[in-house]
Amino acid sequence: MDYENKRKQYIDHINAKILPHIDYFKLQKSYETDMTYAKGILNRFHEAMLTVYGGECLDYLGEGDAFAVIPGVIQGRESGKLCLALLEFDLSSHCEHWNTVYLCEYGAISQSGGKRYGTKEMNAMFIPYDYGYTANLPNDIHCDIDRLPRAIRDVLSDFRQHHAVLRNEQA
């Protein structure tokens, strides 16, 4: 699989069809209540991943670098707060985690975003964090689903049952 091309396609897809249409205020409120809207958004990202990557198992069998961006959820170890995230992994190196994009009231904020508004606040709230994701990464030696915090496992266990209406859609 051409992971570099698929990664670009996935980013283009979510930039055009999902990210601009999320109600970020509603998403933030969802983190503080029942996570229903957040789970629906996670499901949207997951469905886009299935469409672009052709499935949820991202198994690297080739040579060279193979980066993939996939949907997930993080939980700050100190704050205990949850947040949806787009997680970037190098599939060729046992799924080394390279970057995180937080989905919060400010929008989509890259962990490595420099001076961008919200980044410092988000890093302070979430680093260090635990993470889980919706894909199946067979070569990942860093994330053990059975050892994730209960809150992350709860989100990942039933997000597929939720559907979030985006701002450009009718309910």
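Please refer to the structure higher up on the page.
Residues numbered from 1 in each chain as written. Predicted model: local features only at pLDDT ≥ 70, side-chain atom pairs only at ≥ 80, totals over all residues. Heavy atoms only, no water.

**Student:** Would you explain the side chain of Arg7 in this entry?
**Tutor:** With respect to the element layout, Arg7 can be found in helix α1 (residues 3-17). If sequence neighbours within four positions are ignored, Arg7 has contacts with Tyr53, Phe67, Ala68, Val69 and Glu88. (Helix = DSSP H or I, 4+ residues; strand = E, 2+ residues; numbered from the N terminus. Contact = heavy atoms within 4.5 Å.)

**Student:** Please clarify how the sheet that holds strand β2 (residues 82-90) should be interpreted in this entry.
**Tutor:** Strand pairing in a sheet relies on backbone hydrogen bonds, with the paired strands running either antiparallel or parallel. Spatially, the 5 strands line up as an open sheet ordered β4-β3-β2-β1-β5, and their pairing is antiparallel. Each having just a single partner strand, β4 (107-110) and β5 (129-133) make up the two edges of the open sheet. Averaged over all adjacent pairs, the angle separating strand axes in this sheet is 35 degrees, with direction ignored. Against the sheet, α1 touches β1 (67-76) and β2, its axis set at about 55 degrees to β1. Running over the sheet, helix α2 (residues 24-31) touches β2, β3 (96-104) and β4 and is turned about 105 degrees from β3. (Pairing = 2+ DSSP bridges. Axes fitted to C-alpha atoms, helices over the stretch in contact; angles between N-to-C directions.)

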